[in-house]
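# Results of the structural survey
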Amino acid sequence: MNKAKFITFEGVDGAGKSTHLEWFANALRQRGIDLLVTREPGGTPLGERLREILLNHPMHAETETLLMFAARREHVEQVIRPALQRGTWVISDRFSDASFAYQGGGRGVALDKLEQLEQWVHGDLQPDLTLLFDIPIEVARQRLANNISLDRFEQEQGAFFEKVRQAYLARSQKTPARFAVIHAEKTRDEVQKILEKIVSSI
Ligand SMILES: Nc1ncnc2c1ncn2[C@@H]1O[C@H](COP(=O)(O)OP(=O)(O)O)[C@@H](O)[C@H]1O
Ligand SMILES: [Mg+2]
């Protein structure tokens, strides 16, 4: 039996992660794979409470970083690791790459601090595959324009998201074998075709 895989979806707000995650998960289930879908920040009862605070309450960039990793520690211990150990695949809507992109790139938290937290919180666990939904920021912003309420991150300006996007790309270039970079400005059908190929390959 193949080892259960840990797959993450990453990219700026409005890139299409949530839209395509559902389809991707179902495509794997149809192939008989037992899998669990989760998200960050969140994924546990405590994590979801921290999510509420993180998305709505103003705070120092390093406080934000520490709370993200605190929620992640709980997520790894309570949900992700137990699932993988019993042979259940895990797909998470965001994981640590988002901290490198948003807290690192977007907010300017030092890379070495993020690397220390990553090592501490899940030094022995990395995603097997990360789908990075890369998209020009103007396109992502337009997609979110109709949303009635935007959270603390979604309310940020274009320049912030430009830094987030670049930090994601830099992160993907560090360990390219783990990443599939998806050109997410394409139509839903085109993106789905790319995902179909990925599903077949794994
Ligand atoms: N390929 C696409 N083309 C056009 N609109 C899209 C596409 N993918 C997603 N959308 C729309 O863009 C918005 C943001 O998508 P969403 O999946 O919520 O992004 P994310 O989870 O990455 O923030 C939604 O309104 C969604 O319907
Ligand atoms: Mg989403």
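A brief report on the enclosed structure follows. (Residues numbered from 1 in each chain as written. Chains lettered and ligands numbered in written order. Predicted model: local features only at pLDDT ≥ 70, side-chain atom pairs only at ≥ 80, totals over all residues.)

## Digging into the packing of helix H4 (residues 96-106) against helix H5 (residues 111-122)
- Put simply, H4 and H5 touch, their axes get as near as 11 Å, and they point 155 degrees apart. In terms of orientation, H4 and H5 fall into the roughly antiparallel class. Here the hand of the crossing between H4 and H5 comes out right-handed. On the side of H4, the interface is formed by Ser-96, Ser-99, Phe-100, Gln-103 and Gly-104, while H5 contributes Leu-111, Leu-114, Glu-118 and His-122.
- When grouped by side-chain class, the residues that make up the contact of H4 with H5 number three nonpolar, five polar and one charged. (Axes fitted to C-alpha atoms, helices over the stretch in contact; angles between N-to-C directions. Helix = DSSP H or I, 4+ residues; strand = E, 2+ residues; numbered from the N terminus. Parallel < 35°, antiparallel > 145°, perpendicular 65-115°, else oblique. Left-handed = near helix turned anticlockwise from the far one by under 90°. Contact = placed C-beta atoms within 7 Å. Nonpolar A, V, L, I, M, F, W, Y, C, P; charged D, E, K, R; others polar.)

## Regarding the nonpolar core
- Counting residues in each nonpolar core, the largest one holds 38 residues, and the members touching the most others are Val-12, Ala-101, Phe-133 and Val-164.
- Those residues within four positions of Val-12 in sequence are excluded, and the remaining contacts are Ile-135, Ile-137, Ala-140, Phe-161, Val-164 and Arg-165. (Core = buried A, V, L, I, M, F, W, Y, C linked by C-beta atoms within 7 Å. Buried ≥ 20, exposed ≤ 12 C-beta atoms within 10 Å, placed from the backbone.)

## Some remarks on the site of ligand 1
- Near ligand 1 lie 14 residues; those nearest to it are Gly-16, Lys-17, Ser-18, Thr-19 and Arg-143.
- Of all the elements in the fold, those that place two or more residues in the shell around ligand 1 are helix H1 (17-30) and helix H8 (188-201).
- Here the shell around ligand 1 gets three residues from one element, more than from any other, and that element is H1.
- Its residues assigned to classes, the shell around ligand 1 shows three nonpolar, six polar and five charged. (Near = placed C-beta within 6 Å.)

## Describing the sheet that holds strand S3 (residues 89-93)
- In space, the five strands of this open sheet follow the order S2-S3-S1-S4-S5, with parallel pairing throughout. Sheet topology places strand S2 (35-39) and strand S5 (179-183) at the edges, where each strand pairs with a single neighbour. Each strand of the sheet is rotated relative to its neighbour by a mean of 20 degrees, with strand direction disregarded.
- Sheet topology places strand S1 (residues 6-11) next to strand S4 (residues 129-134); five bridges connect them, and they run parallel. Residue pairing across strands places Thr-8 opposite Thr-130, the latter belonging to S4.
- Most of the contacts of helix H3 (residues 61-85) go to S3, to which it runs at about 155 degrees, and overall it touches S1, S2 and S3. (Pairing = 2+ DSSP bridges.)

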